Amino acid sequence: MAEAHSAVAFSFSITHEGWHLNYDREVLHLVWQSGIRSWKKRLARFRSGVHNGVYPAHLQSLWLVIAVAVALHFSQRRVPFNLVSKFLGLLPGDTVGYQVTACGLAGLFFWLCICYTMRYSLKLLLMYKGWMYEKRAPGSKVSLPTRLWALLVKVLATWNKPGLYSFQGSLPRLPLPSVKDTMSRYLRSVRPLLDDDNYTRMERLAKEFENTIAPKLQRYLLLKSWWSTNYVSDWWEEYVYLRGRGALMVNSNFYGIDAIFTKPTSIQSARAACVIHMLLQFRRTVERQELEPILVQGLVPLCSWQYERIFNTVRVPGVETDKIVHYQDSNHIVVLHRGCYYKVVIYHNGRILRPCEVQIQIEEILNSKEKPQPGEELLASLTAGDRTKWAKIRESVFAKGVNKTSLHLIESAAFVLSLDEHPFEFDMAHPEKLDQLGRYLLHGNGHDRWFDKSFTVCVGSNGRIGFNSEHTWADAAVMSHIWEMLIMEETHPRYDENGNTIGIPEFEPPKPKRLAFDLDNAVALDAIQEAHLSAQQLLNDVDLRIFVHDAYGKGLMKKCRLSPDAYLQMALQLAYYRDAGKFSLTYEASMTRLFREGRTETVRPCTIESSAWVKAMEDPTVGVEERVKLLNNACDRHQLGYQDAMCGNGIDRHLFCLYVVSKYLELDSPFLKEVLSEPWRLSTSQTPHGQTSKMDLKKHPDCISAGGGFGPVADDGYGVSYIVAGEDLIFFHISSKKSCGTTNSERFAQQIARALADIKHLFEQYKAHQQKQKSVTNGTAN
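Residues numbered from 1 in each chain as written. Predicted model: local features only at pLDDT ≥ 70, side-chain atom pairs only at ≥ 80, totals over all residues. Heavy atoms only, no water.

**Remarks on the overall build of the protein chain**
Part 1 of the argument: The helix and strand inventory of the protein chain stands at 25 helices and 22 strands.
Part 2 of the argument: Over its C-alpha atoms the protein chain spans a radius of gyration of 30 Å, differing by no more than 12% from the 28 Å that the globule rule assigns to 782 residues.
Part 3 of the argument: Evaluated residue by residue, the protein chain yields a buried proportion of 53% over its 782 residues.
Part 4 of the argument: Here the contacts in the protein chain between residues at least 6 apart in sequence split such that 78% fall between residues at least 24 apart. (Helix = DSSP H or I, 4+ residues; strand = E, 2+ residues; numbered from the N terminus. Rg over C-alpha atoms; globule rule 2.2 N^0.38 Å. Buried < 20%, exposed > 50% of the residue type's maximum accessible area, 1.4 Å probe, protein only. Contact = heavy atoms within 4.5 Å.)

**As for the state of the cysteines**
Part 1 of the argument: Summed over all chains, the structure comprises zero disulfides.
Part 2 of the argument: Summary of cysteine pairing: Cys115 is not part of a disulfide, and the nearest cysteine sulfur, belonging to Cys113, is at 9.2 Å.
Part 3 of the argument: Residue classification places Cys115 among the buried residues on the basis of a relative accessible area of 3%.
Part 4 of the argument: In this model Cys340 remains outside any disulfide bridge; the closest cysteine sulfur is found in Cys458, 17 Å from its own. (Disulfide = S-S within 2.5 Å.)

**So, the packing of helix 9 (residues 214-227) against helix 23 (residues 652-664)**
Part 1 of the argument: Two numbers describe how helix 9 lies on helix 23: the axes approach to 9 Å, and their chain directions differ by 100°. Compared by their axis directions, helix 9 and helix 23 come out roughly perpendicular. Here Leu217, Gln218, Tyr220 and Leu221 of helix 9 come into contact with helix 23, specifically with His654, Cys657, Leu658, Val661 and Ser662.
Part 2 of the argument: Residues belonging to the contact of helix 9 with helix 23 are distributed by class as follows: six nonpolar, three polar and no charged. (Axes fitted to C-alpha atoms, helices over the stretch in contact; angles between N-to-C directions. Parallel < 35°, antiparallel > 145°, perpendicular 65-115°, else oblique. Nonpolar A, V, L, I, M, F, W, Y, C, P; charged D, E, K, R; others polar.)

**Observations concerning the sheet that holds strand 22 (residues 729-737)**
Part 1 of the argument: Pairing is mixed across the open sheet formed by six strands, whose spatial order is 16-22-21-19-17-18. The open sheet terminates on both sides in strands that have one partner only, identified here as strand 16 (542-549) and strand 18 (600-603). The average angle at which neighbouring strand axes cross in this sheet is 20°, direction not considered.
Part 2 of the argument: Relative to the sheet, helix 23 contacts strand 17 (586-591) and strand 18, its axis offset from that of strand 18 by approximately 115°. (Pairing = 2+ DSSP bridges.)

**Overview of the side chain of Ser745**
Part 1 of the argument: With respect to the helices and strands, Ser745 occurs in helix 25 (residues 745-781).
Part 2 of the argument: Among the residues examined, Ser745 registers a relative accessible area of 0% and is labelled buried.
Part 3 of the argument: Once you skip the residues sitting within four places of it in the chain, Ser745 turns out to touch Asp543, Leu544, Arg545, Tyr718, Ile734, Ser735 and Ser736.

**Some words on the sheet that holds strand 12 (residues 416-419)**
Part 1 of the argument: Across the sheet, which stays open at both edges, the eight strands sit in the order 15-9-8-12-13-14-3-20 with mixed pairing between neighbours. Each of the sheet's edge strands pairs with one partner strand only, and the pair in question is strand 15 (513-514) and strand 20 (708-709).
Part 2 of the argument: Looking at chain direction, strand 13 (residues 455-459) and strand 14 (residues 465-469) are connected through five bridges and run antiparallel. Paired with Val459 across the bridge in strand 14 is Ile465.
Part 3 of the argument: Docked against the sheet, helix 15 (residues 401-412) engages strand 8 (332-337), strand 9 (340-345) and strand 12, running at close to 105° with respect to strand 8.

**Quick look at the pattern of salt bridges**
Part 1 of the argument: For the structure on display, the rule yields 38 salt bridges.
Part 2 of the argument: For Arg271, the salt bridge is made with Asp258, and the minimal N-O distance between the two is 2.9 Å. In this pair, Arg271 is assigned in helix 11 (residues 268-287) and Asp258 in the loop between strand 3 (254-257) and helix 11, connecting sequence segments 13 residues apart. Comparing Arg271 with Asp258, the two get one shared label, buried.
Part 3 of the argument: Across the pair Glu506 and Arg351 runs a salt bridge whose closest N-O atoms are separated by 3.3 Å. Of this pair, Glu506 sits in the loop between helix 17 (476-489) and strand 15 while Arg351 is found in strand 11 (residues 351-352), placing the two residues 155 residues apart along the sequence.
Part 4 of the argument: A relative accessible area of 57% places Glu506 in the exposed class. (Salt bridge = Lys/Arg side-chain N within 4 Å of Asp/Glu carboxyl O.)

**Side note on the confidence of the model for the protein chain**
Part 1 of the argument: Considering every residue of the protein chain, the mean pLDDT works out to 89; 92% of them sit at 70 or more.
Part 2 of the argument: Confidence over residues 1-11 falls short of pLDDT 50; this stretch has 14 contacts with residues more than four positions distant or in other chains. (pLDDT = per-residue confidence, 0-100.)

**Digging into the packing of helix 8 (residues 196-211) against helix 24 (residues 670-677)**
Part 1 of the argument: At a closest axis distance of 8 Å, the pairing of helix 8 and helix 24 adopts a crossing angle of 125°. On the basis of the axis angle, helix 8 is oblique to helix 24. Residues Arg201, Met202, Leu205, Ala206 and Phe209 of helix 8 lie in contact with helix 24, whose contacting residues are Pro670, Phe671, Leu672 and Glu674.
Part 2 of the argument: Its residues assigned to classes, the contact of helix 8 with helix 24 comprises seven nonpolar, no polar and two charged.

**Things to note about helix 17**
Part 1 of the argument: Taking 1.5 Å per residue, 14 residues should reach 20 Å; helix 17 reaches 20 Å between its end C-alpha atoms and fits that length.
Part 2 of the argument: Most of helix 17 sits inside the fold, with twelve of its 14 residues counted as buried.
Part 3 of the argument: Buried within helix 17 are the following residues: Val478, Met479, Ser480, His481, Ile482, Trp483, Glu484, Met485, Leu486, Ile487, Met488 and Glu489.
Part 4 of the argument: The inward-facing, buried residues of helix 17 contact strand 3, helix 11, strand 13 and strand 14. (Expected span 1.5 Å × (residues − 1).)

**A few points about the pairing of strand 13**
Part 1 of the argument: For strand 13, the tally of buried residues reaches five of five residues, placing the bulk of the element in the interior.
Part 2 of the argument: Across the two faces of strand 13 the burial is the same, with Phe455, Val457 and Val459 and Thr456 and Cys458 all buried.
Part 3 of the argument: What joins strand 12 to strand 13 is helix 16 (residues 431-442), and the crossover it makes is right-handed.
Part 4 of the argument: The turn joining strand 13 and strand 14, which pair antiparallel and follow one another in sequence, is formed by five residues; a positive phi near 95° is taken by Gly463. (Right-handed = clockwise from strand over helix to strand, strands pointing away.)

**Focus on unusual backbone geometry**
Part 1 of the argument: Its identity is not glycine, yet Phe81 carries a phi of approximately 65°, on the positive side.
Part 2 of the argument: Checked against the element boundaries, Phe81 lands in the loop between helix 3 (61-74) and helix 4 (83-90).
Part 3 of the argument: Using a relative accessible area of 61% as the deciding quantity, one classes Phe81 as exposed.
Part 4 of the argument: One non-glycine residue, Glu666, adopts positive backbone phi at about 60°.
Part 5 of the argument: With a relative accessible area of 72%, Glu666 lands in the exposed category.

If you want it as C-alpha cells, here you go:
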C-alpha cells in the first residue's frame, strides 16, 4: 500500500482549531506540467486540423486572398458578386474598420471556395484507378489519360506539403460492387476447388441467392456505403476481431523480428532505452501529424487512419464483445521483467527522457531483486486466454482498489516493453535458432507479453528486439512502417564503443515504480492458473518454421518479367498441392487503403489458371514452353485479382457485409452460410518492405528485417507470411499445429524450397530452349 499512499498529492485534516491543508509540491508540479503538455498537444492538433481541413490549399494563402479583396474594394473596383457590399450591409456601420471586416469576410468566403474546389478536384482524381491496371513492364508505355491524371494529381498534391492526415478528406469512399459481379468472381474462384457436381450445386445456390434476398441486402448495404465513411471497416473490426471469444495469442496477434544481420549493441538496457526513445519520437511525429503519409509510386496517398491508435491503446475484454480504448495522452510505459511490472515515467521537465537517462531506469529494473507477488508472474496469461473468462475476472477482481489502479496503468501506457531473460539468436548454420526466436515473439512463455496492448516490444538479453502486436487496431503494414523506422534510425550513431547509449544524463531520471497487485485469493489465483494452463496448451501446439531462402530473390523474378508476389504465390500453390495432394481455398491479404478508412481485402490465389499450371508441372508430358505460358497466365490472373481487391472490387468483404445484413434482418441464406464457413487452409500474407524512402538497402545492405508471422487460421492448415528482403533473400514464416496429423511446417518449408528451385529450373530450360531455336533459325537462314 506504500505506493498508493505516495500517489496522494495533498491531504487535509479538520480539528476544533479549524482545518489544515498539506500538499506535495513535486506532485502538483507534475500535474501542472502534464496539463501544460496536454494543452500544447491540443493546440498542435487544432493547428494540424486546420491545415488538413484546407489541404491542398495553403493556410497562408488566406491572407493573400483577403489582401486582394481589400485592394479591389479600396481601388473602387467591384469584388466578384459584390460580396463586400452585401457583407457591409449586414454590419452596423460603414466606417473603414467595418469595410476592412467586410473585405475579410468576402476574402474568407472566396478562399474557402478555392480550398474545397481543390480538395474535391483531388478527390475526383483519386477515384480514378486505371493506373493500377496498366502494365509496368520495362519499355511499356503509359496511356495518355493516365499521364494527364498523374500530372494533375502531382500539381494538386505537391502544391502544399502534406501532413499525416492531410489526404483523409480527399480520399474516396470504398465502392460497393454489384451483386452480379461479386457472384461471377466468386464462382470463378471456387471452380478449381470443386468437382462438376459440387460446382453445379454452388451455381444453383448462388443463382437462388442472387434472385431472392440479395437485392434487399444490397439496398441496405448501398445505404450504409452512402452514409458511413467505409461500409466494411467498422463491421470487420467488430465481428471479425472484437466479438471473437477465442485467445488472442497465436490466433490473432502477430509478431515482427529485428534486422538480423546487424547488432547495434549487446547491452540489453542500452538497446531497450534507444528503442523506447525512438518510439516516443515516432509517437510525437504522429501526434503532431509531422509524419509523411505513404504515397504509392510517390503519387497516390494511402489512408493514415490506423496510425491514430498506435500508442496508448488497448483491447479491453467484454463478456460478449471487446472494445478498443485509446487514451489521448500517456506519460509512462510499463516494463515487464521476471514477472514484475514497473511504471516508467518517460517525460520530465516537459521533455522526453534521453536514451542515456532511460538506460538508467532500465538498468535499475534489471538489477532489481524484487520477486513477483502471488499470482503476479502468470498474470498476463489472462490476456492470452478466453476473452469472456478474462472479462468476468476483470469485473470481479480488477474492479476496485490497487488491482484497478495497476491494471489501468498497464492499459493506459504508451506501450509495454518486456525484458526477456534469454537471448534472441540468429545463425544461418542453425536455422532452429531463428525458429525459436519466432516462437519467443509469437507467444513467449504465455505470460510475458501483455497481449491486449496495441503492441509489446520484446528485448532479448543479448540486445536483439522484436514485437508482438494485437491485430484489431491496425494491420501489419502499420507496425512494419514503425519497425522500418526503428531499423533505419539505428544506422545513426547511438551507442559508444562499449555498447552503451551516447550522452550524459542531465539529471537523475524518475525511478521506476513497482506496480502492486492483490491477487492472493482463490478466485483470482484459480482464474490465472486456468488461463496459464490454457495458454501452455495452445503455445505448445504451435509448429513454427522460419525458412530463409537465399538461392535467389526478386532479382531473378524481375528477369522473368513476373511480379515477385505472383511468383511466390504460384510457388506456394505448387508447394501446397505437393504437400496436401489437392488444392485448397487460399487467403492472401491485400490492402484497401487507397480508400478512406480502408483495411484489407482477400485475394484468392488459387485460380483456374494457377491450378492448370500446377497440374502441368506435375505432368511430365507437358513441354517447357507450355508450362511457361501457363505460369505467365497464372501470374497475370493473380495480378488482376490483386488489383481488383485493392480497387474495391474484391469478393470476400462484400459477401461478409451481405452476411451481416442478413443476420440483422434474420434472413437465412444457405449460400452465404456455406461461403462464410469455408476454411482457409492456406492463409498467406506478404510483409511490406521499403514503405518509405528511408529504407535504403544500397547504403545499408545489412538493415534487412526478417519480417514477421502469425499462427495458422485453420487447425488443419498453414499460416505463411513472407518478406522479399533483398535481391537474393526471402524469408518464409510457416506455422501449423502439431496436433494436426496432415500438416508439418518443416515439410512444407522443404516443398517451398523445391517449388522455387523447380520454377527457376523451368525458366533456365525455357531460356536454353529459346537459344537453341534461335540458333536453328539462324543456321537455316544462313
